[in-house]
Amino acid sequence: DAVVSAASTTAAGKVELLTIAEVDTGTDTTRVVTSDALAGSYAGTKVIGFIVIEAATDVATGTAKAHAHIPASMNGMNLVTVHAEVVTAGTTGTTNIDVNKNGTSMLSTVITIDSAETGSDTAVTPAVINTAADDVATNDVISIDIDAISTTAPKGLMVTLEFRLP
C-alpha cells in the first residue's frame, strides 16, 4: 500500500472496486465499478412493462393477452423479477398470471394476486421463476396469459418483468 498511492480523477494509482450493492446506492465518489458489478446492479436491469387489461375493464382469462419482442440489446439476459398489479382488487380466490417465452412458461409457480389485494408482491404464494427457462434471446416473444381470476373480477392488469445479465 505504501508503494502505490491511491488513484484520483487526475492521477493514476490503485483503486478499490465497488460491490453491486454499492453501485445500486450510487453515492461513492472514490471507488470504481467493474462491468460485472454494473451488469448485476439496477443499472444493468432492463424492464418490460405490459398494460394487459385497461384500467376500467374486468380482467378475464385467456392466452397471449399481451406481447413484447426481445431486442438484441437484451440477448442473453435472464428474467429476474416478475410483478403483477390490478387497478381494482378482485375478491374471492386468486388471479393467476403466467409469463411465456415463445409459448412456453418462464415460471415454475405462476404470479398470483390474492383476494382483495391489488399486487402480487403480497401474495401468499409468491411467483417462482424457472431458472431453466429464464433466459431470453434476440427476437424471442414474451406473452402474458391470465389463467384464473377471482370470483369478482379485478379491473385493469399491468405486468412488469425485469431482466439482467447472468
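Look up: the structure comes first, before these words.
Let me sum up the structure you'll find in this document.

Conventions used here
- Residues numbered from 1 in each chain as written.
- Predicted model: local features only at pLDDT ≥ 70, side-chain atom pairs only at ≥ 80, totals over all residues.
- Heavy atoms only, no water.
- Buried < 20%, exposed > 50% of the residue type's maximum accessible area, 1.4 Å probe, protein only.
- Helix = DSSP H or I, 4+ residues; strand = E, 2+ residues; numbered from the N terminus.
- Pairing = 2+ DSSP bridges.
- Patch = residues over 30% accessible without salt bridge, like charges linked within 9 Å, V, L, I, M, F, W, Y side chains within 5 Å.
- Areas by Shrake-Rupley, 256 points an atom, 1.4 Å probe, with all protein chains shown as cover.
- Salt bridge = Lys/Arg side-chain N within 4 Å of Asp/Glu carboxyl O.
- Axes fitted to C-alpha atoms, helices over the stretch in contact; angles between N-to-C directions.
- Contact = heavy atoms within 4.5 Å.
- Polar contact = N/O pair within 3.5 Å; in protein donor to acceptor, adjacent residues only side chain to side chain.

## What to know about the pairing of strand β4 (residues 95–101)
Item 1. With respect to burial, β4 is a largely interior element, seven of its seven residues being buried.
Item 2. Side-chain alternation along β4 places Thr95, Ile97, Val99 and Lys101 on one buried face and Asn96, Asp98 and Asn100 on a second face that is also buried.
Item 3. Where β4 meets strand β7 (residues 111–113), three bridges bridge the pair, whose relative direction is antiparallel. Within β7, the position partnered with Thr95 by the bridge is Ile113.
Item 4. Two strands pair when backbone bridges link them, and β4 and strand β9 (residues 141–148) are joined in this way by six bridges, in the antiparallel orientation. From the neighbouring strand, Lys101 faces β9, where its bridge partner is Ile142.

## Quick look at a nonpolar patch on the surface
Item 1. Taken together, Val15, Leu17 and Val32 make up a surface patch of nonpolar side chains, about 230 Å² in accessible area.
Item 2. Mapped onto the elements, Val32 comes out in the loop between α1 (20–25) and α2 (35–40).
Item 3. We classify Val32 as partly exposed; its relative accessible area is 32%.

## Observations regarding the sheet that holds strand β3 (residues 78–88)
The strands that make up a sheet pair up through hydrogen bonds in the backbone, lying either parallel or antiparallel.
Item 1. Across the sheet, which stays open at both edges, the three strands sit in the order β1-β10-β3 with antiparallel pairing between neighbours. Sheet topology places β1 (46–58) and β3 at the edges, where each strand pairs with a single neighbour. When strand polarity is set aside, the average angle formed by the axes of neighbouring strands in this sheet is 10 degrees.
Item 2. As judged from the eight bridges shared by β1 and strand β10 (residues 155–164), these two strands associate in the antiparallel manner. By the bridge assignment for β10, Lys46 is matched with Phe163.

## A short note on the environment of Asn100
Item 1. When you line up the elements, Asn100 lands in strand β4.
Item 2. On the basis of relative accessible area, Asn100 is assigned to the buried category, the value being 4%.
Item 3. C-alpha separation for the pair Asn100 and Ser5, spaced 95 residues apart in sequence, amounts to 52 Å.
Item 4. Asn100 has contacts with Ser105, Met106, Val141, Ile142, Ser143 and Asp145, leaving out every residue within four places of it along the chain.
Item 5. Only 3.2 Å separates the side chain of Asn100 from the backbone nitrogen of Ser105, close enough to count as a polar contact.

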